[in-house]
Amino acid sequence: MAYNKVENVTNRTFERTLTYDKYTDPKVLEKEIDLVFSKSWQLVGHVSQLEKVGSFFTTEVANEPIIVNRGQDQVIRAFYNVCPHRATKLEKSETGKKKILQCSYHGWTFKLDGKLNKAPNFKGEDEACVQDACLRSVRMEILESLIFVNLDDHAKPLSESYGDFFDRLSKYPFLSELKRTSQKTRVIKANWKAFIDNYLECDHCHVAHPSFVAALDMDDYQIITCDNYSLQGSIVKPDKNYGTVDLNQAEMQGGSFFWLWPNLMLTIYPGPGNMATIQMVPIDHETTLAVYTYYFRDENLTQEEKDLVTFAEQVRQEDVELVELEQIGFRSRAFNKGRYSSSEKAIVQFHEMVLEALNE
């Protein structure tokens, strides 16, 4: 893939980073849940998870329980996973397939399109009181087979929220053939923003990621800021491989690493057709759930695909160690801000967006 530089969307230049209380103050996270995560598009799944009528999965977005399913009409929909009768969490399973959704409290049932099916404790004249008691829908859009939801009913459409990102993504011909093959999670002892800061620069790569630097041409490495997202990457070095993957003969001969506001990273590594997503989900102000999802053509990975995953996970482990050490320093009285290098424009963009969302 060719990397064409575009004008940075940020005009201001900071000498200093976000103050470190943004990484250690629980009140800051409370504001972020309300003003960032509740008002942005959040990736929740992939259409390959919902191939059959009645299939569903559950998740959480900004601490809200969500259920996504495929209806009898083949339409994929998202709802708050909450019964309108007594606010009980409706579906307890993470995934499954059902013809009807039933609340375990009073036995209310709902059709796959969210409409009320039966309310056993409302009979006779009482039935009229609950005719409009449907599941509350959540805004949902699907692009490139990725399922996103947004809790903000007034947010811009997904296709308008990230500039030309989905146009860029559509240029990878193998993406339409991929499906969600596995997902791993790990708890990181750091604020969610710390990992994203780390992801958005590669000044640390020569120090922390020897295998990454050995595979990619760092002299050609570029970081580009775009409309609510950024892109970085490079081509592979001649005659390089990792494991059984011959990078120069691979289907993908460069690495592309995207970040989408606020907490989604999407990576395409050199090798056979592949994609992975990384999401940073806050547990508390100093603890984050990292969600790593892999997409390949088949669940039964080839040796090349297994080697690719091993390579990616090694890089991520190296990053986790760094941001956990960083979180210790955030709590120190030694400094209250960091410094930007000229190569860290993507971090500047991210920090500007955080401050704007928090009205600061």
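About the thresholds
- Residues numbered from 1 in each chain as written.
- Predicted model: local features only at pLDDT ≥ 70, side-chain atom pairs only at ≥ 80, totals over all residues.
- Heavy atoms only, no water.
- Helix = DSSP H or I, 4+ residues; strand = E, 2+ residues; numbered from the N terminus.
- Rg over C-alpha atoms; globule rule 2.2 N^0.38 Å.
- Contact = heavy atoms within 4.5 Å.
- Areas by Shrake-Rupley, 256 points an atom, 1.4 Å probe, with all protein chains shown as cover.
- Phe/Tyr/Trp six-rings, centres within 6.5 Å; stacked < 30°, edge-to-face > 60°.
- Buried < 20%, exposed > 50% of the residue type's maximum accessible area, 1.4 Å probe, protein only.
- Salt bridge = Lys/Arg side-chain N within 4 Å of Asp/Glu carboxyl O.
- Axes fitted to C-alpha atoms, helices over the stretch in contact; angles between N-to-C directions.
- Parallel < 35°, antiparallel > 145°, perpendicular 65-115°, else oblique.
- Left-handed = near helix turned anticlockwise from the far one by under 90°.
- Nonpolar A, V, L, I, M, F, W, Y, C, P; charged D, E, K, R; others polar.
- Arc of directions from axis to C-beta.
- Polar contact = N/O pair within 3.5 Å; in protein donor to acceptor, adjacent residues only side chain to side chain.
- Pairing = 2+ DSSP bridges.

## Some details on the overall build of the protein chain
So, step 1. The helix and strand tally for the protein chain stands at 8 helices and 19 strands.
So, step 2. Relative to the globule expectation of 21 Å for 360 residues, the C-alpha radius of gyration of the protein chain, 22 Å, shows essentially globular dimensions.
So, step 3. C-alpha atoms of the protein chain, sized along the principal axes, occupy 75 × 50 × 35 Å.
So, step 4. Taking the intrachain contacts of the protein chain between residues at least 6 apart in sequence as the baseline, contacts between residues at least 24 apart amount to 63%.
So, step 5. Here the protein chain displays about 17,400 Å² of accessible surface, and carbon together with sulfur accounts for 46% of that area.

## Notes on the packing of aromatic side chains
So, step 1. The final tally for this structure, using the stated rule, is 18 aromatic pairs.
So, step 2. Aromatic side chains Tyr20 and Phe330 sit 4.9 Å apart centroid to centroid with 50° between the ring planes, which places their arrangement in the tilted category. Taken as a pair, Tyr20 in the segment before helix H1 (26-35) and Phe330 in helix H7 (residues 303-330) lie far apart in primary sequence, 310 residues in all. There is no split in this pair, since Tyr20 and Phe330 are both buried.
So, step 3. Taken together, a centroid distance of 6.3 Å and an interplanar angle of 65° make the contact between Phe212 and Tyr221 edge-to-face.

## Observations regarding the pattern of salt bridges
So, step 1. Going through the model one piece at a time under the given rule, you end up with 12 salt bridges.
So, step 2. Between Glu91 and Lys98 there is a salt bridge whose closest N-O contact spans 2.7 Å.
So, step 3. Since its relative accessible area comes to 4%, Glu91 is described here as buried.
So, step 4. The partner of Arg136 in a salt bridge is Asp153, and the shortest N-O contact between them spans 3.9 Å. On the criterion of sequence distance, the pair formed by Arg136 in the loop between strand E8 (116-118) and strand E9 (139-143) and Asp153 in the loop between strand E10 (146-150) and helix H2 (158-161) is long-range, its members being 17 residues apart.
So, step 5. By relative accessible area, Asp153 is classed as partly exposed at 47%.
So, step 6. Residues joined by salt bridges that share partners form a network here, namely Asp21, Lys22, Lys31 and Glu360.

## Remarks on the packing of helix H4 (residues 192-199) against helix H8 (residues 345-357)
So, step 1. Put simply, H4 and H8 touch, their axes get as near as 9 Å, and they point 150° apart. As far as their axial angle goes, H8 and H4 are roughly antiparallel. The element H4 and its partner H8 pack so that their crossing is right-handed. Here Trp192, Lys193, Ile196 and Asp197 of H4 lie close against H8, whose contacting residues are Ile347, Phe350, His351 and Val354.
So, step 2. For the contact of H4 with H8, a count of residues per class yields 5 nonpolar, 1 polar and 2 charged.

## Considerations on H1
So, step 1. For H1, the full list of buried residues reads Val28, Leu29, Glu32 and Ile33. The buried residues of H1 occupy an angular sector of 140° when the element is viewed end-on, so they sit on one face. Of the exposed residues in H1, the ones pointing more than 90 degrees away from its buried face are Lys27 and Glu30.
So, step 2. On its buried side, H1 packs onto H4, strand E18 (275-284) and H8.
So, step 3. Capping of H1 at its N-terminal end is provided by Asp25; its side-chain oxygen lies 2.9 Å from the backbone amide nitrogen of Lys27.

## Here we look at the sheet that holds E18
So, step 1. Pairing is antiparallel in the open sheet, where 7 strands are placed in the order E11-E19-E18-E17-E16-E13-E12. Because the sheet does not close on itself, it has two edges, and the strands there are strand E11 (179-188) and strand E12 (222-225). The sheet shows a mean angle of 15° between the axes of neighbouring strands, taken without regard to direction.
So, step 2. Inspection of the sheet shows strand E17 (residues 264-268) paired to E18 by 4 bridges, in the antiparallel sense. Note on E18: the bridge partner recorded for Leu264 is Gln279.
So, step 3. Here H4 sits on the sheet in contact with E11, strand E13 (229-235), strand E16 (254-260), E17, E18 and strand E19 (287-296), set at roughly 150° to E18.

## Description of the environment of Met275
So, step 1. With respect to the element layout, Met275 can be found in strand E18.
So, step 2. Since its relative accessible area comes to 5%, Met275 is described here as buried.
So, step 3. Taking the C-alpha atoms as reference points, Met275 and Ile33, 242 residues apart in sequence, are found 27 Å from one another.
So, step 4. With residues up to four places along the chain from it excluded, the contact list for Met275 reads Leu146, Leu175, Leu178, Leu266, Thr267, Ile268, Thr293, Tyr294 and Tyr295.

## Here's the deal with the sheet that holds strand E3 (residues 64-70)
So, step 1. Spatial ordering of the open sheet is given by E4-E3-E2-E5, a layout of 4 strands whose pairing is antiparallel. Every other strand in the sheet has two partners, leaving strand E4 (76-80) and strand E5 (95-97) as the edge strands with one partner each. With direction set aside, neighbouring strand axes in the sheet form an average angle of 25°.
So, step 2. When strand E2 (residues 55-61) meets E5, the two strands line up antiparallel, connected through 3 bridges. In the sheet register, Phe57 faces E5, and the bridge partner there is Thr95.

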